Amino acid sequence: MDIRSGNGFDVHRFAPDRELWLCGVKIPYELGLLGHSDADVAIHALCDALLGALALRDIGYHFPDTAEEYRGVDSRVLLRKVVSMIEERGYSISNVDVTIIAQAPKLLPHIPQMIATLADDMKIAPDRVSVKATTTERLGFTGRKEGIATQATALLIKAL
Ligand code: MG
């Protein structure tokens, strides 16, 4: 069995007049995240973890923010494309672990829907998908509510 691990990290800044999307779920909040796509920082970090496990560069390499076709794109579309790339290479996703770092808004009520959404897009059982939320105790840019960061890890396996 070939076992591959990957990690991902992403940051987006808050901006007015934007929707807030995290793990494919729309979160009610007065600010959204700024980006070329829907700026789903959690899915972006997860995609980078999945790509990283197979040394397939990063999300910006495959879906450049200069490409008109990705303007405002639903990041779930990007995640499903990354999952296809993994499947094409004969790997399956064993588990993923996503940590969203945000002072606000409160994410706890949305975690179950986030897990269900990611599991659906990755075609794996929800008990293989971990989504966690933490704050930085009001320290740093996330603590000042200037933006949201996300770290993710992924484990991929291939039966030999
Ligand atoms: Mg991003």
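Quick summary incoming for the structure in this document. Keep in mind that this is a model prediction, so the values were computed, not measured.

Calculation notes
Every chain is numbered independently, its residues counted from 1 as its sequence is written. Local features in this predicted model are restricted to residues of pLDDT 70 or higher, and side-chain atom pairs are both shown and tallied only at a pLDDT of 80 or more, whereas totals for entire chains, interfaces and linings draw on every residue. As a rule here, side-chain values come from all non-hydrogen atoms in the structure, and water together with hydrogens is ignored. A run of H or I in DSSP counts as a helix once it spans at least four residues, and a run of E counts as a strand once it spans at least two, with each numbered from the N terminus. Accessibility here uses a 1.4 Å probe with only protein chains present; expressed as a share of the type maximum, an area under 20% marks a residue as buried, one over 50% as exposed, and anything in between as partly exposed. What makes two residues a contact is simply this: any of their non-hydrogen atoms within 4.5 Å. Using a 1.4 Å probe, the Shrake-Rupley method yields the accessible areas, and only the shown protein chains count as cover for residues. Charge counting follows a simple rule: Lys and Arg are positive, Asp and Glu are negative, and His as well as the terminal groups are ignored. To locate a charge, take NZ of a lysine, CZ of an arginine, CG of an aspartate or CD of a glutamate. Distances define the donors: N, O and S atoms within 2.8 Å of the metal qualify, as do those within 3.2 Å of Na, K or Ca. Water is excluded, so some sites may look unfinished. Both site types are read off a 1 Å grid over the protein atoms alone. A 1.4 Å probe that fits but cannot get out defines a cavity, while an open set with protein on both sides within 12 Å along at least five of seven lines defines a pocket; lining residues have an atom within 4 Å of a point. Grid points are joined across faces, edges and corners, and a volume is the space filled by probe spheres set on the points. Classification convention: Asp, Glu, Lys, Arg as charged; Ala, Val, Leu, Ile, Met, Phe, Trp, Tyr, Cys, Pro as nonpolar; all other residues, Gly among them, as polar. Orientation is described by axes fitted as lines to C-alpha atoms, over the contacting stretch for helices, and by angles from 0 to 180 degrees between their N-to-C directions. Roughly parallel refers to an angle under 35 degrees, roughly antiparallel to one over 145, roughly perpendicular to one between 65 and 115, and oblique to any angle outside these ranges. Working definition: a ring pair exists when centres of Phe, Tyr or Trp rings (six-membered ring for Trp) sit within 6.5 Å. Plane angles under 30 degrees give stacked, over 60 give edge-to-face, the rest tilted. Here, a charge over a ring means that NZ of Lys or CZ of Arg falls within 6 Å of the ring centre while also lying within 35 degrees of the ring normal. To count as a disulfide, a pair of cysteine sulfur atoms needs to be within 2.5 Å. In this scheme, strands are said to pair when DSSP sees at least two bridges between them.

### A closer look at the overall build of the protein chain
Turning to step 1, where the next piece is worked out: Helix and strand content of the protein chain: five helices and seven strands.
Turning to step 2, where the next piece is worked out: In the protein chain, the order of α-helices and β-strands from amino to carboxyl end is β-β-β-β-α-α-α-β-α-β-α-β.
Turning to step 3, where the next piece is worked out: Expressed along its principal axes, the backbone C-alpha trace of the protein chain runs to roughly 50 × 35 × 25 Å.
Turning to step 4, where the next piece is worked out: Residue burial in the protein chain is summarised as follows: out of 160 residues, 50% are buried.
Turning to step 5, where the next piece is worked out: Of the contacts made within the protein chain by residues no fewer than 6 positions apart, 71% connect residues no fewer than 24 positions apart.
Turning to step 6, where the next piece is worked out: With an accessible surface of roughly 8100 Å², the protein chain has 51% of that area assigned to carbon and sulfur atoms.
Turning to step 7, where the next piece is worked out: Here the protein chain carries 18 positive and 21 negative side-chain charges, and the mean point of each set is 2 Å from the other.

### Observations regarding the coordination of the magnesium ion
Turning to step 1, where the next piece is worked out: Protein-derived ligands of the magnesium ion are Asp10 (OD), His12 (NE2) and His44 (ND1), with the metal-ligand distances lying across 2.1 to 2.3 Å.
Turning to step 2, where the next piece is worked out: Each donor residue of the magnesium ion lies on one chain, and together they are spaced D-x1-H-x31-H. Of this pair, Asp10 sits in strand S1 (residues 2–15) while His44 sits in helix H1 (residues 41–53), and the two are 34 residues apart along the sequence.

### Here we look at the layout of surface pockets
Turning to step 1, where the next piece is worked out: Looking at the largest pocket, its volume works out to about 210 Å³.
Turning to step 2, where the next piece is worked out: Considering the residues around the largest pocket, the lining is formed by 14 residues, among which His36, Ser37, His44, Phe63 and Asp65 are closest to the centre.
Turning to step 3, where the next piece is worked out: For the lining of the largest pocket, the secondary structure elements donating two or more residues are S1 and helix H2 (59–62).
Turning to step 4, where the next piece is worked out: Class assignment of the residues belonging to the lining of the largest pocket gives a composition of six nonpolar, six polar and two charged.

### Brief notes about the packing of H1 against helix H3 (residues 75–88)
Turning to step 1, where the next piece is worked out: Relative orientation of the contacting elements H1 and H3 amounts to 10°, with a least axis distance of 10 Å. With respect to each other, H1 and H3 are oriented roughly parallel. Residue-level inspection shows Ile43, His44, Leu46, Cys47, Leu50 and Leu51 of H1 in contact with H3, the latter providing Ser75, Arg76, Leu78, Leu79, Val82, Met85 and Ile86.
Turning to step 2, where the next piece is worked out: Looking at the contact of H1 with H3, its residues break down into 10 nonpolar, two polar and one charged.

### Quick look at the packing of aromatic side chains
Turning to step 1, where the next piece is worked out: The full count for this structure, using the stated rule, is two aromatic pairs.
Turning to step 2, where the next piece is worked out: Between Phe14 and Tyr29 the ring centres are 5.5 Å apart and the planes differ by 50°, which places this aromatic pair in the tilted class. Highlighted residues: Phe14 in strand S1 and Tyr29 in the loop between strand S3 (25–27) and strand S4 (32–33), separated in sequence by 15 residues.
Turning to step 3, where the next piece is worked out: Here Phe14 falls in the buried class, since its relative accessible area comes to 11%.
Turning to step 4, where the next piece is worked out: With centroids separated by 5.4 Å and ring planes inclined at 80°, the aromatic side chains of Phe63 and Tyr70 adopt a geometry described as edge-to-face.
Turning to step 5, where the next piece is worked out: On the basis of relative accessibility, which here comes to 10%, the residue Phe63 falls in the buried class.
Turning to step 6, where the next piece is worked out: Residue placement shows Arg57 over the ring face of Tyr61; its charged tip is 4.0 Å from the ring centre.

### Here's the deal with the state of the cysteines
Turning to step 1, where the next piece is worked out: All chains considered together, the criterion is met by zero disulfides.
Turning to step 2, where the next piece is worked out: There is no disulfide at Cys23, and the cysteine sulfur nearest it, in Cys47, is 11 Å away.
Turning to step 3, where the next piece is worked out: Since its relative accessible area comes to 1%, Cys23 is described here as buried.
Turning to step 4, where the next piece is worked out: Given the relative accessible area of 0%, Cys47 is considered buried.

### Some remarks on the sheet that holds strand S6 (residues 129–134)
Turning to step 1, where the next piece is worked out: Across the sheet, which stays open at both edges, the five strands sit in the order S4-S1-S7-S5-S6 with mixed pairing between neighbours. Each edge of the sheet is formed by a strand with only one pairing partner; in this case those strands are S4 and S6.
Turning to step 2, where the next piece is worked out: Inspection of the sheet shows S1 paired to S4 by two bridges, in the antiparallel sense. Residue Ala15 lies in a different strand from S4, and its bridge partner there is Gly32.

These values are about where atoms sit, not about what they do.
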